[in-house]
Amino acid sequence: MIKKTSLLFVFICFTFLLKAQQDSSKVVLSGSIKDSETGEALIGATVLAKVGVGVVADLEGNFVLNLPKGYYIIEVSMLGYGKFTQKLKLYSNKKIDVKLESTMLDEIEVFADVAQIRETPVAFSSISAAKIQEELGSRDISMIANTTPGAYATSQGGGAGDSRVNIRGFDQRNIAVMVDGIPVNDMENGQVYWSNWDGLKDITKSAQIQRGLGASKLAVVSIGGTMNFITNGIESKQQMIVKKEWGNNRHNVMALSYNSGIINNKWGFTLAGTYKTGDGWAEGTFTNAYSYFFKVQYMPNPRHIISIGANGAPQSHGQRSTKVPISVYSKDMAKNLGINYDSVVDKIRTTTRYTTQTQGDRDLRWNSDQGLLNGGVVGDKINYYHKPLININHFWKISERTNLSTVVYASFGNGGGTGYNPTFSGRDTLTGYYLVQTKYDANSTFLDANYHPTENKSTTILRSSNNNHRWFGLLSTATSKLNKLFTLTYGLDLRYFKGIHTQTVYNLLGGDYFVESGFNKNPNLNPNVYSNYIKKKGDIYGSNWEAINKWAGLFGQIEFKKDKWSAFLTVTGSYSGYNRVDYYKRKNLVLSDTTYYNAIGYGDTIVHNGTTYTRDSKELKDASPGWKWQLGYTLKGGANYNINDHHNVFVNVGWMQIPQKFANVFTFANEVVKDFRPNFIKSYELGYGLKYNKFHSTINAYYTTWDNQPQRTVTDLDGNVYNINGINVAYKGVEFEGAYKPIKQIELEGLFSIGDWKYVSGGIISIVSEDGALVDEINYDANGVHVGDAAQTQIGGAVRFMPIKGLYIKPRFTYFDRYYANFLATDLQDNNKGKESWKVPGYGLFDLNAGYEMSFGVFRLNIYGTVNNVLNTLYISDAQNNGAAGNFDATSATVFFGVGRTFVIGTKLTF
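Residues numbered from 1 in each chain as written. Predicted model: local features only at pLDDT ≥ 70, side-chain atom pairs only at ≥ 80, totals over all residues. Heavy atoms only, no water.

Q: Help me out: how do you make sense of the overall build of the chain in this one?
A: Scanning the chain for helices and strands turns up nine helices and 56 strands. Going through the 911 residues of the chain one by one, you find that 51% of them count as buried. When the accessible surface of the chain is summed, it comes to about 39,900 Å², and 57% of that surface belongs to carbon and sulfur atoms. (Helix = DSSP H or I, 4+ residues; strand = E, 2+ residues; numbered from the N terminus. Buried < 20%, exposed > 50% of the residue type's maximum accessible area, 1.4 Å probe, protein only. Areas by Shrake-Rupley, 256 points an atom, 1.4 Å probe, with all protein chains shown as cover.)

Shown next, in the form of structure tokens:
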């Protein structure tokens, strides 16, 4: 018995020893697989170590694989994503975190010119959808730019969609903003109206800000930089998201999205929509906005991908568009800045009349664009607009070496903004609001028998300036891999834009009709003409014109890649034509006996001495000055050298000739501005990159010159308008951006940018007419004066702390300084020669973001919150000096105070 027991014991021991020896010869490879942009787990992704040995990721994107010790080539793949491959020597347990890039957006990225790290030789910052969702809160999507170096974004007056962005000192008229590679800057003035893109936050898959001339192949105005927004495509799996947000001032958002996944390996679609309401942080800045988005992609075979998409954001919101003196908002800050408070009060009482007795006691939210009516407060600045963007994309893989991407797009904008006509002057002595009730009462009882025996005549109304447009474009890009070293990209960019501008009666404010300005009743006028000048609600008056822009561009880029080197050379050319057609232009009708009548519009008729005279609306030779054409070009190139696996350096240079914008070519009097010349840009940049598993950073220096910066115009005695040419500016600076992940639970971000942006011109500018006569001389000195309207110093950082699985806490601090109030260089005359603009006090903002994600089977629930300006810091975000007559100091400046503390809490359910 003892012998049998001993043998059994020996057998058991031997078995355990054998098992231990077998286990010691194996290792565990584990890790996670996520989407590189969204950070979402990729359920069902395949991990292969060798033929027949593999595993799929679980519901949280994790995997565990037991392997014998040895050398392996690990492959991670999933339908709709690029393959990940890594060589590993496995002699101990190892964990890897894999991020796969979607391939469903390849045809979009061809248009969007997305830069690649350690390859594209430009300075850029990539922004994930997760970062946008975590940090943006209730703000416009443009405000995310402040998390990148060299940017300065503000909410201006605080209205939804009224924000602005500067990059490297250039405002957004000189920044190319693109959605899926399609340029969306207004073709008349270059502006971007962010209220038209209200839903972009919820449909953006990734965003990238390229600073400087950037990597775009198109002939776009990207002096300061390029902002690329890539929208959601068709993901590999079916998914639905329901989101609800609440916030300060009755902020309320409901959002839904659905992604079909890839159906039958051929097609899929995604849908999204949001509805947002709120009162806004500043007075009278309500918002009522919808947004919608859909995209359908179809792949009939591996060589073709066709997608159709549309997005838009019909909205209306109240605005605070008028800057006012500091003393109106804050008596304490005015005194701290050395403003002679009592003197300013006296000045304002007699001129702008914002308030009288309670000057300086206004809340920072106070809105001067409001009035008292029917026992309540009403705003006169209301913006309403809808600008759907529709596009059809076709990606064609012609051969293994060549592909062609083409997009046809259209945008149909309708809407405008309101304001008083004529401008109000009277204000309530207690609240500072306009005395709208006084005008309303007067309008509702004013009978003018000269015009109508029983209806009341309005002398002041609320008008609407409507800015509709019709925009069509075609963008076609071909890419050919010439050989192992060179790739050629070339294409065509065609655009047609028509802006339709009218002024209409929006609200008669108690009256029944409005008599158009400049019309005096004349007994000789035909009754038809008489009725044309009596305006009712919705009638056009005062302004009816079109801005037409035709654009043709060609571009080509050659790329070189070999070993550690990559380089590119880009050449673009554009030919743009402008025309202005004024259907409301008026001229005095002079008859043979020198008798003339009031200026009359096209189609109007008068009777003189028994003869009828008519201006034919079809005779547009007086209504249009004719087409004006301009050439533009870009020549830029750069190179990147990867010193080793961790270090790289890059350099780029560029030259641009930029045509003048439409607004600088024609006047509102429908005359051509004389002597308009193009702008000239030269840019040089040098950068260094460092990349390790836990740390990566870039630092770069730039130098950009802008010759012939647009300024104001001058007018001679005959009414001819002339551009002022010869204003030159130099921009130089250093930028840094880095991230460090010391442990799995902590991610650190840091950035800084220090700019030195100054005018480099001064002297006498002579304005000469076409016949050589001297029109005007401007004797100014701006040499060495800092550029205004953006902070030239920016320092920021963030910590993303994940103490337990699913929970994140992310504080961020950003400091801005050396912001000089906006001004015109030509205002630096006489006693103001060489004088610096008022420097706004520097300020720092502390934001806090947090969230928690939990899973219930196929359901994922996110609870999140954002508090912007946690400390409720008092600061000035926007300032304007007020012309040559001002003192270029805090006393003469008008400002917007920045938005105070705001918060958003929300939930997101994904299944």
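What follows picks up the thread again.
Q: What is the right way to look at a positive patch on the surface in this model?
A: Residues K34, K95, K99 and K744 make up a contiguous surface patch of positive charge. Within the secondary structure, K34 sits in strand β1 (residues 26–35). (Patch = residues over 30% accessible without salt bridge, like charges linked within 9 Å, V, L, I, M, F, W, Y side chains within 5 Å. Salt bridge = Lys/Arg side-chain N within 4 Å of Asp/Glu carboxyl O. Lys, Arg positive; Asp, Glu negative; His and termini not counted. Charge placed at Lys NZ, Arg CZ, Asp CG, Glu CD.)

Q: Before we go on, may I ask you to explain the side chain of E188 in this structure?
A: By secondary structure assignment, the location of E188 is in the loop between β13 (182–183) and α4 (200–203). An unpaired buried charge is present at E188: no salt bridge exists, and R580, the closest side chain of opposite charge, is 7.4 Å distant. Looking at E188, its side chain comes within polar contact range of the side chain of H501, at 2.7 Å. Those residues in contact with E188 that lie beyond four places of it in its chain are F497, G499, H501, W545, A547, K661, F662 and A663. (Polar contact = N/O pair within 3.5 Å; in protein donor to acceptor, adjacent residues only side chain to side chain. Contact = heavy atoms within 4.5 Å.)

Q: What is the right way to read the packing of aromatic side chains from this model?
A: Aromatic ring pairs: the centre-centre distance and the angle between the two ring planes describe each pair. Across all of its chains, the model carries 34 aromatic pairs by this definition. The interplanar angle of 40 degrees and the centroid separation of 5.3 Å between the aromatic rings of Y152 and Y819 together place this pair among those described as tilted. With Y152 in strand β9 (residues 151–154) and Y819 in strand β50 (residues 807–820), this pair connects stretches of sequence that are 667 residues apart. For the residue pair Y152 and Y819, the accessibility class agrees, reading buried in each case. Three or more aromatic residues link up through ring pairs in this structure, and these residues are Y152, F816, Y819, Y843 and Y875. A cation over an aromatic ring shows up here: R495 above the ring of W551, its NZ or CZ 4.3 Å from the ring centre. Sitting above the plane of the W545 ring, R580 keeps its charged end 4.0 Å from the centroid. (Phe/Tyr/Trp six-rings, centres within 6.5 Å; stacked < 30°, edge-to-face > 60°. Lys NZ or Arg CZ within 6 Å of the ring centre and 35° of its normal.)

Q: I'm lost on empty space enclosed by the protein in this one. Help?
A: Where empty space is left becomes clear once a probe the size of a water molecule has been rolled over the atoms. Within the structure shown, the criterion is met by ten cavities of 30 Å³ or more. Counted as a void, the largest cavity has a volume near 670 Å³. Surrounding the largest cavity, 41 residues form its lining, S138, R139, S155, V899 and T902 being those nearest its centre. Element by element, the count of residues in the lining of the largest cavity is highest for strand β52 (residues 843–856), at four residues. Here the lining of the largest cavity is composed, by residue class, of ten nonpolar, 24 polar and seven charged. In this structure, the second largest cavity occupies an estimated 310 Å³ of space. Within the residue set of the lining of the second largest cavity, elements represented by two or more residues are β12 (175–179), β33 (540–562) and β34 (565–582). (1 Å grid on protein atoms, 1.4 Å probe; cavity = no way out; pocket = protein on both sides within 12 Å on 5 of 7 lines; lining within 4 Å. Points joined across faces, edges and corners; volume = space filled by probe spheres on them. Nonpolar A, V, L, I, M, F, W, Y, C, P; charged D, E, K, R; others polar.)

Q: Is there a simple way to explain the pattern of salt bridges in this structure?
A: A side chain with one charge can pair with a side chain of the opposite charge if their charged atoms come near. Evaluation of the coordinates by the stated rule reveals 34 salt bridges. R168 is paired through a salt bridge with E685; the nearest N and O atoms lie 2.4 Å apart. Residue R168 is located in the loop between β10 (164–167) and β11 (170–171), and its partner E685 is located in strand β41 (residues 679–691); the two are separated by 517 residues in the primary sequence. Comparing R168 with E685, the two get one shared label, buried. Residue E735 pairs with R168 through a salt bridge whose shortest N-O separation is 2.9 Å. Separated by 567 residues along the polypeptide, E735 in strand β45 (residues 728–743) and R168 in the loop between β10 and β11 bring together distant segments of the chain. Accessibility expressed as a relative area gives 1% for E735, which makes it buried. Among the residues examined, R168 registers a relative accessible area of 2% and is labelled buried.

Q: Would you take a moment to explain the sheet that holds β1 for this structure?
A: Across the sheet, three strands lie side by side as β4-β1-β7; this open sheet has mixed pairing. Either end of the sheet is taken by a strand with one partner, and the two such strands are β4 (62–68) and β7 (94–100). Averaged over all pairs of adjacent strands, the angle between their axes in this sheet comes to 25 degrees, without regard to strand direction. Looking at chain direction, β1 and β4 are connected through seven bridges and run antiparallel. If you follow V28 over to β4, its bridge partner there is N66. (Pairing = 2+ DSSP bridges. Axes fitted to C-alpha atoms, helices over the stretch in contact; angles between N-to-C directions.)

Q: Honestly, unusual backbone geometry in this entry has me stumped. Any pointers?
A: Excluding glycine, residues mostly carry a negative phi; peptide bonds, for their part, are mostly trans. Cis geometry is found at the peptide bond from N421 to P422, where omega equals -5 degrees. With respect to the helices, strands and loops of the structure, P422 is situated in the loop between β27 (402–421) and α8 (436–443). For N264, which is not a glycine, the phi torsion comes out positive at approximately 55 degrees. Within the secondary structure layout, N264 lies in the loop between β17 (251–259) and β18 (267–278). A positive phi angle, near 55 degrees, is found at R818, a position not held by glycine.

Q: Teacher, can you tell me more about a nonpolar patch on the surface here?
A: Where nonpolar side chains cluster on the molecular surface, the patch consists of W267, L271, F294, V296, Y298, I306, I308, I392 and V408 and spans about 710 Å² of accessible area. Among the elements of the structure, β18, β19 (287–301) and β20 (304–312) are those that each provide at least two residues to the nonpolar patch. Residue contributions to the nonpolar patch peak at three residues, all from β19. Looking at the secondary structure, you find V296 in strand β19. Exposure remark for V296: the relative accessible area of 33% places this residue in the partly exposed category.

Q: Quick question: what am I supposed to make of the environment of I263 here?
A: One can find I263 in the loop between β17 and β18. Given the relative accessible area of 24%, I263 is considered partly exposed. Sequence separation between I263 and I234 is 29 residues; the distance between their C-alpha atoms is 9.8 Å.

Q: Please explain the sheet that holds strand β6 (residues 84–90) as it appears in this structure.
A: Pairing between the strands of a sheet comes from backbone hydrogen bonds, and it takes one of two forms, parallel or antiparallel. Taken together, the four strands give an open sheet; going across it, the order is β3-β2-β5-β6, and neighbouring strands pair in antiparallel fashion. With one partner strand each, in any of the chains shown, β3 (53–56) and β6 form the two edges of the open sheet. With direction set aside, neighbouring strand axes in the sheet form an average angle of 20 degrees. One ladder, built from seven bridges, connects strand β5 (residues 70–77) with β6; its direction is antiparallel. Residue pairing across strands places Y71 opposite K89, the latter belonging to β6.

Q: Even after reading the chapter, I still don't get the environment of H469, so can you show me in this structure?
A: Residue position: H469 is located in strand β29 (residues 461–481). With 30 residues separating them in the primary sequence, H469 and G499 have C-alpha atoms 4.3 Å apart. Setting aside chain neighbours within four positions, we find H469 in contact with Y385, K387, S411, F412, G413, F497, K498 and G499. Side chain to side chain, H469 and Y385 meet in a polar contact 3.5 Å long.

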